[in-house]
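Breakdown of the fold
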Amino acid sequence: RAALALVLLSFTVIPGYAAEGTSAFVRLQFGQDVSIEVPRNWTFLDQNIRKHLNTYSEAVVKLSGMDVNQGNNLILVAANTYTRGSGPAATMRLSVRSLGEKCPTQSEIKFADPLELKRSAELSLQQLSSSLPDNVRSIQVIDARVERLGRFYSLVTEQQTNYVTGPTRDRLDVVCAGSKRYKLYTSYRKSEAW
């Protein structure tokens, strides 16, 4: 609500600032492969915290009985924004992993069956459900589909995580490009969807 008020105020009080061309977003470029625009006012997590995220992800998946190795997963950028209360109101994380021959082709992704994608997401969630943290009541897959993201097709999974403190909406975009898999994870408190 405060952000909406600030946007409306900016149209009336500070029109000169917008005219200077200063954007609220900054473009981060990672080699020739990928770039992303992120809000300048978000809190960017340092390399050490990003490594902890990798370690935590591997531990949760291994506790559920699945074999995973996060050693070749590189979190390129992770950021949070805070509005009220404890914990972030929204988060984002962009990572890349080299897979060799395991990555589906863009053609395979383009023609993937949405029902099969949703079934696969639900099965993965069932496997992880035994190792959910104490503050998570439940997780539900909302949708799974293919979308165009830039010049690539992306596998999109949306879910709702019901925390003790309230629900969040989570989205995972997975883009396979050659032998690399990029994952863009975003999440926000449902009560602050605006």
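Everything discussed here concerns the structure shown above.
Reference entry: report on the structure contained in this document.

Counting 14 residues, the largest nonpolar core has Ile-36, Leu-76, Met-92, Leu-94 and Tyr-182 as the members making the most contacts within it. Excluding residues within four positions of it along the chain, Ile-36 makes contact with Val-26, Arg-27, Leu-28, Phe-30, Val-77, Met-92, Leu-94 and Leu-184. Leu-99, Ile-109, Tyr-153 and Cys-176 belong to the second-largest nonpolar core, a separate cluster that totals 5 residues.

Secondary-structure assignment places Ser-187 in strand β9 (residues 180–189). Of the residues examined, Ser-187 reaches a relative accessible area of 11% and is grouped as buried. Apart from the residues within four sequence positions on either side, Ser-187 is in contact with Ala-89, Ala-90, Thr-91, Thr-168, Arg-169 and Asp-170.

Another point: the sheet that holds strand β4 (residues 73–81). With antiparallel pairing, 7 strands are arranged side by side in an open sheet as β3-β4-β5-β9-β8-β7-β6. Single-partner strands in this sheet number two, and they are β3 (43–44) and β6 (136–149). Sheet topology note: the β6/strand β7 (residues 152–163) ladder contains 12 bridges and is antiparallel. Bridging across to β7, Gln-140 finds its partner in Gln-160. In the packing of helix α5 (residues 114–128) onto the sheet, contacts are made with β6 and β7, and the angle to β6 comes to roughly 150°.

According to the stated counting rule, one finds 0 aromatic pairs in the structure shown. Taking the ring centre of Tyr-153 as reference, the NZ or CZ of Arg-148 above it sits at 4.7 Å.

It is worth spelling out the environment of Asn-80 at this point. Inspection of the secondary structure puts Asn-80 in strand β4. Setting aside chain neighbours within four positions, we find Asn-80 in contact with Trp-42, Thr-43, Leu-45, Pro-88, Ala-90 and Thr-91. A polar atom in the side chain of Asn-80 sits 3.3 Å from the side chain of Tyr-82.

Let us now look at the pattern of salt bridges. Considering all chains together, one arrives at 9 salt bridges under this definition. A salt bridge links Arg-27 to Glu-37, with the nearest nitrogen and oxygen atoms 2.9 Å apart. Linking Arg-27 in strand β1 (residues 25–30) with Glu-37 in strand β2 (residues 34–39), this pair joins segments that are 10 residues apart in sequence. A residue is classified by how much of its surface remains accessible, and Glu-37, at 44% relative accessible area, is partly exposed.

With 15 residues, α5 extends 21 Å between its outermost C-alpha atoms, agreeing within 8% with the 21 Å of an ideal straight helix rising 1.5 Å per residue. Taken together, the buried positions of α5 are Leu-117, Ala-121 and Leu-125. For α5, the arc enclosing every buried residue in end-on projection is 70°, short of the 170-degree limit, so these residues lie on one face. In α5, the exposed positions angled more than 90 degrees off the buried face are occupied by Leu-115 and Gln-126. In this structure, the buried residues of α5 make contact with β6 and β7.

Let us now look at the pairing of β9. Two elements, strand β5 (residues 90–98) and β9, share 9 bridges in a ladder whose sense is antiparallel. The residue of β9 that forms the bridge with Arg-97 is Arg-181. Two strands pair when backbone bridges link them, and strand β8 (residues 166–177) and β9 are joined in this way by 10 bridges, in the antiparallel orientation. Counted as the bridge partner of Arg-171 is Thr-186 from β9. Connecting the antiparallel pair β8 and β9 is a turn made up of 2 residues, with Gly-178 showing a positive phi of about 65°.

Quick notes on the rules
Residues numbered from 1 in each chain as written. Predicted model: local features only at pLDDT ≥ 70, side-chain atom pairs only at ≥ 80, totals over all residues. Heavy atoms only, no water. Core = buried A, V, L, I, M, F, W, Y, C linked by side-chain atoms within 4.5 Å. Buried < 20%, exposed > 50% of the residue type's maximum accessible area, 1.4 Å probe, protein only. Contact = heavy atoms within 4.5 Å. Helix = DSSP H or I, 4+ residues; strand = E, 2+ residues; numbered from the N terminus. Pairing = 2+ DSSP bridges. Axes fitted to C-alpha atoms, helices over the stretch in contact; angles between N-to-C directions. Phe/Tyr/Trp six-rings, centres within 6.5 Å; stacked < 30°, edge-to-face > 60°. Lys NZ or Arg CZ within 6 Å of the ring centre and 35° of its normal. Polar contact = N/O pair within 3.5 Å; in protein donor to acceptor, adjacent residues only side chain to side chain. Salt bridge = Lys/Arg side-chain N within 4 Å of Asp/Glu carboxyl O. Expected span 1.5 Å × (residues − 1). Arc of directions from axis to C-beta.

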